[in-house]
Amino acid sequence: MTTPQPRIALTRSSDPDTDWAARSMPLLTSTMNRVGPAFSGLRVGICLHLEPKTAVLCRWLLEYGAKVTITGNLGTTNPRTADLLAAQGAQVIGSREDDLTAHAINLDAVIEARPELILDNGGELIQRLTEGAVRSATFRGATEETTTGGTRVRNLPVQPDFPVIVINDSPLKLLVENEYGVGQSIVQGFMNATNRMLPALRAVVIGFGPCGKGVADTLRALGARVTVVEINPFRALEALMGGHHVASVAESLPQAEALFLSTGRARALSLDEIRLLPDGAIIAGVGHQPDEADIAGLTAAAVETVNLATSSDIDARIAYHLESGKEIVVLHGTKMINLTAARGNPIEAMDLGLSLQAASLAAIALGDAAFQGVEPVPSDINDSLAAALVDILQ
Ligand SMILES: NC(=O)c1ccc[n+]([C@@H]2O[C@H](COP(=O)([O-])OP(=O)(O)OC[C@H]3O[C@@H](n4cnc5c(N)ncnc54)[C@H](O)[C@@H]3O)[C@@H](O)[C@H]2O)c1
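Quantities reported herein were computed from a predicted structural model and do not represent experimental measurements.

**Here we look at the domain arrangement of the chain**
Here is step 1: Domain assignment breaks the chain into domain 1 (16-173 + 345-393) and domain 2 (177-340).
Here is step 2: Distance between the C-alpha centres of domain 1 and domain 2: 28 Å.
Here is step 3: The partner domain 2 presents 17 residues to the 16 residues of domain 1 that form the contact.
Here is step 4: If you list the elements that add at least two residues to the side of domain 1 that touches domain 2, you get helix H7 (147-154) and helix H15 (347-365).
Here is step 5: Broken down by element, the residue count for the side of domain 1 that touches domain 2 peaks at three residues, all from H15.
Here is step 6: Of the residues assigned to the side of domain 1 that touches domain 2, the class counts are five nonpolar, nine polar and two charged.

Following this line, the structure appears as structure tokens:
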């Protein structure tokens, strides 16, 4: 492995997990040493999973003189990471326990800091700016990290009149993070939350995008019997040719011991479909949508709800008892199980994703982005980071 030589490195912090992540992020180190000066003195507003890897990017932004205001995505804020960034000078808003209402207030607070650059994960900050939220006179533009956020931003009634680079559109990100990174970390989260054995487990994955593919392939590699449900015929074919069983919701759910939601779509799984699951089935979330399954409907329909978790992790395993006598177990309210029950994506996957973020946001800061509106990552950024990653990994 050849590691690019940084001009400067991050000093040790009070959080060993952030320092551990930084050791395996050579691509971000070299990228920030190249583009970091573009952030000097700028206000950067961020909504991102607040955990050790993203903290490394925030530390680099602070190192190069940016003024950072950050809130986490719903349910994913790591308190130690939040404390570290606050101690290093970032304005950190919100906590892991925040519900949707509190999360909305947190996002408003990031906008009120009048950022000149926005780094978004879910599109909710960008949405606020298109809905007329007051912005800085020197506002330059935004990046958006994820699939769901890219879809949200492209479907806004009023399109952004400023540059937005959608990181998720990068084929490099889809391969390294969504497929390989999410595949490993979601399965790790499921194993941590359940301690169940994977060989012979009957697993159903709904949605065979890069994330669902990664999850299905990882489960199968570890011995699970995997069925894929996919409405796009090309992706269904890809699943089939990749060796998975492919079936409809109606055919697959009655056998599902574990169900993984990877559509990224709101209300992809109805209450009637949840009722098809066998007694004891477990539902885990992969996608970014908090209401991918109708958990509100399940809660209302349950004759009894039992918390199967320890008091320190209140919503980790909730059992819903239905009139039919079935018990359905939901992990972490279907929040992304790799963030809630594991340590998020593997460090190397985030090294790449956050390097794409840094290089794209710097292009916007410098006015290099020769466009207005929503665009994919410029090809020169994709190509140079892909080449650097090959050098690092081989
Ligand atoms: N947990 C994480 O760390 C993490 C990381 C990256 C992305 N994500 C999120 O994971 C989700 C999936 O990402 P992706 O890149 O694979 O998205 P994608 O949009 O490429 O794939 C989703 C797939 O689901 C299918 N689908 C949609 N509705 C369906 C339904 N009702 N039944 C069956 N199939 C259906 C679509 O046809 C598509 O193939 C998104 O919400 C994304 O934001 C999570």
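After presenting the structure, the write-up continues.
**Details of the sheet that holds strand E6 (residues 163-166)**
Here is step 1: Reading across from one edge, E3-E2-E1-E4-E5-E6-E15 is the order of the seven strands in this open sheet, with parallel pairing throughout. Lying at the two open borders of the sheet, with one neighbouring strand each, are strand E3 (91-93) and strand E15 (373-376). This sheet shows a mean twist of 15 degrees between the axes of neighbouring strands, independent of strand direction.
Here is step 2: As judged from the three bridges shared by strand E5 (residues 141-144) and E6, these two strands associate in the parallel manner. Bridging from a neighbouring strand, Glu-144 pairs with Val-166 of E6.

**Observations regarding the site of the ligand**
Here is step 1: If you check the shell around the ligand, you find 29 residues, and the closest are Gly-207, Gly-209, Cys-211, Gly-264 and Gly-287.
Here is step 2: Elements with a contribution of two residues or more to the shell around the ligand: H7, helix H8 (171-194) and helix H9 (210-221).
Here is step 3: Counting residues per element, the shell around the ligand draws most heavily on H9, which supplies three residues.
Here is step 4: A breakdown of the residues in the shell around the ligand according to their chemical character gives 10 nonpolar, 16 polar and three charged.

**With respect to the pairing of strand E2 (residues 67-71)**
Here is step 1: Burial runs high along E2: four of the five residues are buried.
Here is step 2: By the bridge criterion, five bridges tie strand E1 (residues 43-47) to E2 in an arrangement that is parallel. Residue Arg-43 lies in a different strand from E2, and its bridge partner there is Lys-67.
Here is step 3: Handedness of the crossover joining E1 and E2 through helix H3 (residues 52-63): right-handed.
Here is step 4: Strand direction decides the pairing type here: E2 and E3, joined by three bridges, are parallel. Along E3, the bridge assignment pairs Thr-71 with Ile-93.
Here is step 5: Crossover connection from E2 via helix H4 (residues 79-87) to parallel E3: handedness right-handed.

**Notes on the packing of helix H2 (residues 26-35) against helix H16 (residues 379-393)**
Here is step 1: Contact geometry of H2 with H16 gives a least axis separation of 10 Å together with a crossing angle of 135 degrees. Put simply, H2 runs oblique to H16. Every pair of crossing elements has a handedness; the one defined by H2 and H16 is right-handed. Along its contact with H2, which presents Pro-26, Leu-27 and Ser-30, the element H16 presents Leu-385, Ala-388, Leu-389 and Ile-392.
Here is step 2: Its residues placed into classes, the contact of H2 with H16 shows six nonpolar, one polar and no charged.

**Observations concerning H7**
Here is step 1: By the burial criterion, the buried members of H7 are Thr-147, Thr-148, Gly-149, Gly-150 and Val-153.
Here is step 2: Contact partners of the buried residues in H7: strand E4 (117-120), helix H6 (124-130), E5, E6 and E15.

**Some words on the nonpolar core**
Here is step 1: Of all hydrophobic cores here, the largest spans 64 residues; its most connected members are Leu-28, Phe-39, Val-44, Leu-61, Ile-70, Ala-358 and Ala-362.
Here is step 2: Considering every element that reaches this core, the biggest residue donor is H15, with 12 residues.
Here is step 3: Leave out the neighbours within four places in its chain, and Leu-28 touches Val-56, Leu-57, Trp-60, Asp-351, Leu-354, Ser-355 and Ala-358.

**Quick word on the sheet that holds strand E14 (residues 327-331)**
Here is step 1: Here we have eight strands laid out as an open sheet, ordered E9-E8-E7-E10-E11-E14-E13-E12, and mixed in their pairing. A single partner strand is all that each edge strand has here, and the edge strands are strand E9 (245-246) and strand E12 (304-307).
Here is step 2: Sheet topology note: the strand E7 (residues 202-206)/strand E8 (residues 225-229) ladder contains five bridges and is parallel. By the bridge assignment, Ala-203 is partnered in E8 with Val-226.

Cut-off values and rules
- Sequence order sets the numbering: in each chain, residues are counted from 1 along the sequence as written.
- Thresholds applied to this predicted model are a pLDDT of at least 70 for local features of residues and 80 or more for the giving and counting of side-chain atom pairs; totals over whole chains, interfaces and linings are not thresholded and use all residues.
- An automatic or database domain assignment provides the domain bounds reported here.
- It is the C-beta atoms, placed from the backbone, that decide contacts: two residues are in contact if theirs lie within 7 Å.
- A run of DSSP states H or I qualifies as a helix once it reaches four residues; a run of E qualifies as a strand once it reaches two. Both are numbered from the N-terminal end.
- Each residue receives one of three labels: charged for Asp, Glu, Lys and Arg, nonpolar for Ala, Val, Leu, Ile, Met, Phe, Trp, Tyr, Cys and Pro, and polar for the others, Gly being one of them.
- Following DSSP output, two strands are said to pair if at least two bridges run between them.
- Axis geometry follows a simple rule: fit a line to the C-alpha atoms, using only the stretch in contact for helices, then measure angles between N-to-C directions, giving values from 0 to 180 degrees.
- For each residue, a C-beta position is placed from the backbone atoms; the residue is near a molecule or strand when that point lies within 6 Å of it.
- Counting other C-beta atoms within 10 Å of each residue's C-beta, where C-beta atoms are placed from the backbone, gives the exposure class: buried for 20 or more, exposed for 12 or fewer, partly exposed between.
- Clockwise travel from the first strand over the helix to the second, with the strands pointing away from the viewer, marks a crossover as right-handed.
- If an angle is under 35 degrees, it is roughly parallel; if it is over 145, roughly antiparallel; if it lies from 65 to 115, roughly perpendicular; otherwise it is oblique.
- The sense of a crossing depends on the near helix, which, turned anticlockwise from the far helix by less than a right angle, makes the crossing left-handed and, turned clockwise, makes it right-handed.
- Here a nonpolar core is just a set of buried residues of the types Ala, Val, Leu, Ile, Met, Phe, Trp, Tyr and Cys, joined wherever their C-beta atoms sit within 7 Å.

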